[in-house]
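# Tertiary structure, described
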Amino acid sequence: QEITGELLLVAESSRVTGKSTSSVSASTFGFGIVLGLIIGLLLTLQLSAFDKKIRHAWQIRRVSEDLPILGSPFGADSPGQMTALAASLQHAQSLGITSALVVTHDEALRTFADDVLSRVPSVSATSITMASDLSVDQLAGGHSRGVIVLVKVGQTTHQQLAETLGLVESGGNRILGVALVR
């Protein structure tokens, strides 16, 4: 079937309200982009100022200026870093350290800590997840106990590290250093 007939146009209109993209000047676009970048930068700075998690070695210096930092952030499965931490414990023996304690701030780092300790069988060593879990006997190691603190990058806070160091030092233990672990 074929449809036939006439089409009659009654009226045609077009309505524009407000400015269209083509009528906004380049200087207005530029102003918007600059303002957006400034607001974004201010938000980023504010977030980083209020972020209390440790991500870099320099952030440990905020907790203690003279705290030895053992390495830089490394993978928890890094055999080279395990060896370096074990060598720190081995060297500590020549300084009179007879026992060692490795404090982690994350349960996932416990295996890493145990692997480090297994590389130095001549040192009597223990690993724990949180310093607050220490018994009085573990805490009171004296100057003959060396302590390495493993900090989980992006999870451990300045306050947690400060509390751990305070507890460990209150027992007279020697802090051998802090290692950042990814």
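Details of the structure are given in the entry above.
Everything in this summary refers to the structure shown in the same document.

So, about the sheet that holds strand E4 (residues 174-181). Overall, parallel pairing links the 4 strands, which are arranged E2-E1-E3-E4 in an open sheet. Each edge of the open sheet is held by one strand with a lone partner, namely strand E2 (124-128) and E4. The sheet shows a mean angle of 15° between the axes of neighbouring strands, taken without regard to direction. In terms of strand pairing, strand E1 (residues 99-104) meets strand E3 (residues 145-152) through 6 bridges, oriented parallel. Each residue of the ladder has a partner; that of Ala100, found in E3, is Gly146. Those strands touched by helix H6 (residues 158-170) are E1, E3 and E4, and its axis lies near 170° from that of E3.

So, about the pairing of E2. In regular strands, side chains alternate between the two faces of the sheet. Where E1 and E2 come together, 5 bridges link them in parallel fashion. The residue of E2 that forms the bridge with Leu101 is Thr126. Taking the sense of rotation as the criterion, the β-α-β connection linking E1, helix H4 (residues 109-118) and E2 turns out right-handed.

A few words now on the packing of helix H3 (residues 79-94) against H4. Running from N to C, H3 and H4 point in directions that differ by 55°, and their axes come no closer than 8 Å. Here H3 lies oblique to H4, going by the angle between them. In this structure, H3 crosses over H4, and the sense of that crossing is right-handed. Residue-level contacts link Met82, Leu85, Ala86 and Leu89 of H3 to Phe112, Asp115, Val116 and Leu117 of H4. The class makeup of the residues in the contact of H3 with H4 is 7 nonpolar, no polar and 1 charged.

In this section: a nonpolar patch on the surface. Residues Val34, Ile38, Leu41, Leu42 and Leu45 make up a contiguous nonpolar surface patch of roughly 480 Å² in combined accessible area. For Ile38, the position within the fold is in helix H1 (residues 26-50).

We now examine the nonpolar core. Membership of the largest hydrophobic core comes to 21 residues, with the highest contact counts inside it found for Leu85, Leu89, Val102, Phe112, Val116, Ile148 and Leu150. Where this core is concerned, the elements lending two or more residues are H3, E1, H4, E3 and E4. Once residues within four sequence positions are removed from consideration, Leu89 is found in contact with Ala100, Val116, Leu117, Val120, Val123, Ile148 and Leu176. Counting 19 residues, the second largest nonpolar core, distinct from the first, contains Ala131, Val153, Leu161 and Leu165.

Another point: H4. Within H4, burial applies to Leu109, Phe112, Ala113, Val116 and Leu117. Buried residues of H4 fall within an arc of 135° about the axis and therefore sit on the same side. Along H4, exposed side chains directed more than 90 degrees from the buried face belong to Thr111 and Ser118. Summarising the contacts, the buried residues of H4 are in contact with H3, E1, E2, E3 and E4.

The rules we used
Residues numbered from 1 in each chain as written. Predicted model: local features only at pLDDT ≥ 70, side-chain atom pairs only at ≥ 80, totals over all residues. Heavy atoms only, no water. Pairing = 2+ DSSP bridges. Helix = DSSP H or I, 4+ residues; strand = E, 2+ residues; numbered from the N terminus. Axes fitted to C-alpha atoms, helices over the stretch in contact; angles between N-to-C directions. Contact = heavy atoms within 4.5 Å. Right-handed = clockwise from strand over helix to strand, strands pointing away. Parallel < 35°, antiparallel > 145°, perpendicular 65-115°, else oblique. Left-handed = near helix turned anticlockwise from the far one by under 90°. Nonpolar A, V, L, I, M, F, W, Y, C, P; charged D, E, K, R; others polar. Patch = residues over 30% accessible without salt bridge, like charges linked within 9 Å, V, L, I, M, F, W, Y side chains within 5 Å. Areas by Shrake-Rupley, 256 points an atom, 1.4 Å probe, with all protein chains shown as cover. Salt bridge = Lys/Arg side-chain N within 4 Å of Asp/Glu carboxyl O. Core = buried A, V, L, I, M, F, W, Y, C linked by side-chain atoms within 4.5 Å. Buried < 20%, exposed > 50% of the residue type's maximum accessible area, 1.4 Å probe, protein only. Arc of directions from axis to C-beta.

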